[in-house]
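# Structure at a glance
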Amino acid sequence: MKRRSLREIFNSRAVKKAHRTTLALAGAAIVASCTTLQSDSHLAFADQRPAVLAPCPPDTAPPKPKLAYAEELFRQNDSAPPSEAVLRMSPEERMQYYMKKFCFEAHTAANDNDPRDQAVVAALNTLSNVTFMGKPLVDLADQEHLRLCALRHMPAGTAAQYLASDTFVAAGQNAKKQGQVLDLAHEITHAAQDKQGLLRYGYVWDIESRVRRNLSTEAAPVALEFAVAYEKKLSGDDSYWEYLKKHDANTAYTSADNHKLFEDTYNAGVAQGASQNDALRAGARAIFERVFDSDDWRNFYLTSELNSYIEDIANGKFRLFTEIHRGVFDQDEVDKAGKIGSLPSFTEGARLPAYAALFRGSQKMQWAYEAADIERHRQALGADHATVRAMEKRAADNKNPYTGIDFAEVNRRLGDVRWSSRFQSTWQVMDEVIKDRANPKPAPAPAAPCLPAPKPPSA
Ligand SMILES: [Zn+2]
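Read on for a plain summary of the structure. Predicted, not measured: the structure shown is a model, and the values here were computed from it.

### Observations concerning the environment of Val120
- In this fold, Val120 is placed in helix α7 (residues 118-128).
- Looking at Val120, the number of C-beta atoms within 10 Å reads 28, which means it is buried.
- In the structure, Val120 is positioned 16 residues away from Phe104 in sequence and 9.9 Å away in space, judged by C-alpha atoms.
- If near-sequence neighbours (up to four positions away) are discounted, Val120 is found in contact with Leu148, Ala150, Ala171 and Leu184.

Structure, rendered in structure tokens:
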């Protein structure tokens, strides 16, 4: 997943998508909205005086069936809600339907004439002419029949995304062709990582292993973007290198120190007799270790990992296991994060900062992680377990305001925030939950009796 530039996020505020996909309300959901009329006595009441009862309004909050993320993404991009015929398909058939509508396979790019895909096709062609750092990615995409989906609407703060669940790249629109090429390079690097088994985690993994996995698999494609941009510069087109410097402010991409580091590392490699290919990889490795210094970058990916952790908490996944495995994503795994095709990985031996250092400068992020981890340990070990008690004691000493927060509620709100135009850290959503708990809204007046809609024959 590639973080969208701050400039793009700012611009997107003006074009907030007004249309939100809603599920067609099934008859059963409408009936269920008049729960007070389901008992016989109320129905009898309704039967006696049908003329004075207005029809029940459609329920505004029926329990919606939870969509798989990939399908939700496609629906957000579809111009109309799915037809009855599409809704009747199995989830697998529906994914095939949407992929046919929005995606093409990388190896068919040469024959792809669909106007909606052309920016992505052009980016793929450009990348295939970047001999050392780009072409191996395109070769991999060809071999794997990777699907590329040209999508306009992406989750808040996300420029592009690789979905391991369905092996496709959601290529968001980038106004700059340089950005489109680098976004694509970033996402295909994730496809390479998927082949290495790096895009999965187990529910027994501890939080630190999950964070190491997420952050190292995200730092590698950033480093690769530097190498692609620099190789373009070496071949006479410096617009990619200049794009990286300017496309945002105060990020891992634009840091002047990082650009100098890459160039110095490259030049030192060449001076010592390294090939251009090896010197580019040495530069990428140096950047990989430096990406963790960016507050902006850490905030985005620490948020994405924590949101995923909270979703697992809300879904009760940690109740299924009493074991918690530590140190699962170790150096061997980090080494593979920069491996593309048969070339040596550019992340081999690269170091990650210590877990505690990742929260430097963000007390709220550290609290949010601590509170979620306590909840996970409660689920896995039980509330009375000595480990849980010790964690709670530490959090209390640490004045953690998020301990014991309602994670089901946090998760529900995170689902809403995802499709808004504004990226929010997890702790911002947690702050809102706490604020609303302190100032509960007055309970709505009881609904007047109403006449339930008849059930359709098929319901
Ligand atoms: Zn990414």
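The structure having been displayed, the exposition proceeds.
### Some remarks on the sheet that holds strand β1 (residues 2-3)
- Pairing within the open sheet is mixed, and its five strands lie in the order β1-β4-β5-β3-β2. Bordering the open sheet on either side are β1 and β2 (103-105), each of which pairs with just one other strand.

### Description of the nonpolar core
- Ranked by size, the top nonpolar core spans 101 residues in total, and within it Cys149, Val169, Ala170, Ala171, Ala223 and Ala368 carry the most contacts.
- Residue assignment places this core across two domains, with domain 1 (71-195) and domain 2 (200-439) each supplying three or more.
- Those residues in contact with Ala170 that lie beyond four places of it in its chain are Leu73, Cys149, Leu151, Met154, Ala160, Gln161 and Leu163.

### Structural notes on the packing of helix α4 (residues 69-77) against helix α6 (residues 91-102)
- Closest axis-to-axis distance for the α4/α6 pair is 10 Å, and the angle between their directions is 45 degrees. The pairing of α4 with α6 is recorded here as oblique in orientation. Considering how the two elements wind past one another, α4 and α6 form a crossing that is left-handed. Contacts between α4 and α6 involve Ala70, Glu71, Phe74 and Asn77 from the first element and Pro91, Arg94, Met95, Tyr98 and Phe102 from the second.
- Its residues assigned to classes, the contact of α4 with α6 shows six nonpolar, one polar and two charged.

### What about the pairing of strand β3 (residues 147-151)?
- Of all five residues making up β3, five are buried, and the element is well covered by its neighbours.
- Here β3 shows no split at all, with Arg147, Cys149 and Leu151 on one side and Leu148 and Ala150 on the other all buried.
- In terms of strand pairing, β3 meets strand β5 (residues 168-172) through five bridges, oriented parallel. Residue pairing across strands places Leu148 opposite Val169, the latter belonging to β5.

### Focus: helix α16 (residues 363-381)
- Counted at 1.5 Å a residue, the expected span for α16 with its 19 residues is 27 Å, and the 26 Å between its end C-alpha atoms agrees.
- Taken across its 19 residues, α16 has 14 buried, putting it largely inside the fold.

### Points about unusual backbone geometry
- In the Ramachandran plot, His145 falls in the positive-phi region, its phi being about 50 degrees despite a non-glycine side chain.
- Assignment of secondary structure puts His145 in the loop between α8 (135-143) and β3.
- Phi is positive for Thr167, close to 45 degrees, though the residue is something other than glycine.
- Tracing the sequence through the fold places Thr167 in the loop between β4 (158-163) and β5.

Procedures and definitions
- Residues numbered from 1 in each chain as written.
- Predicted model: local features only at pLDDT ≥ 70, side-chain atom pairs only at ≥ 80, totals over all residues.
- Helix = DSSP H or I, 4+ residues; strand = E, 2+ residues; numbered from the N terminus.
- Buried ≥ 20, exposed ≤ 12 C-beta atoms within 10 Å, placed from the backbone.
- Contact = placed C-beta atoms within 7 Å.
- Pairing = 2+ DSSP bridges.
- Core = buried A, V, L, I, M, F, W, Y, C linked by C-beta atoms within 7 Å.
- Domains from an automatic or database assignment.
- Axes fitted to C-alpha atoms, helices over the stretch in contact; angles between N-to-C directions.
- Parallel < 35°, antiparallel > 145°, perpendicular 65-115°, else oblique.
- Left-handed = near helix turned anticlockwise from the far one by under 90°.
- Nonpolar A, V, L, I, M, F, W, Y, C, P; charged D, E, K, R; others polar.
- Expected span 1.5 Å × (residues − 1).

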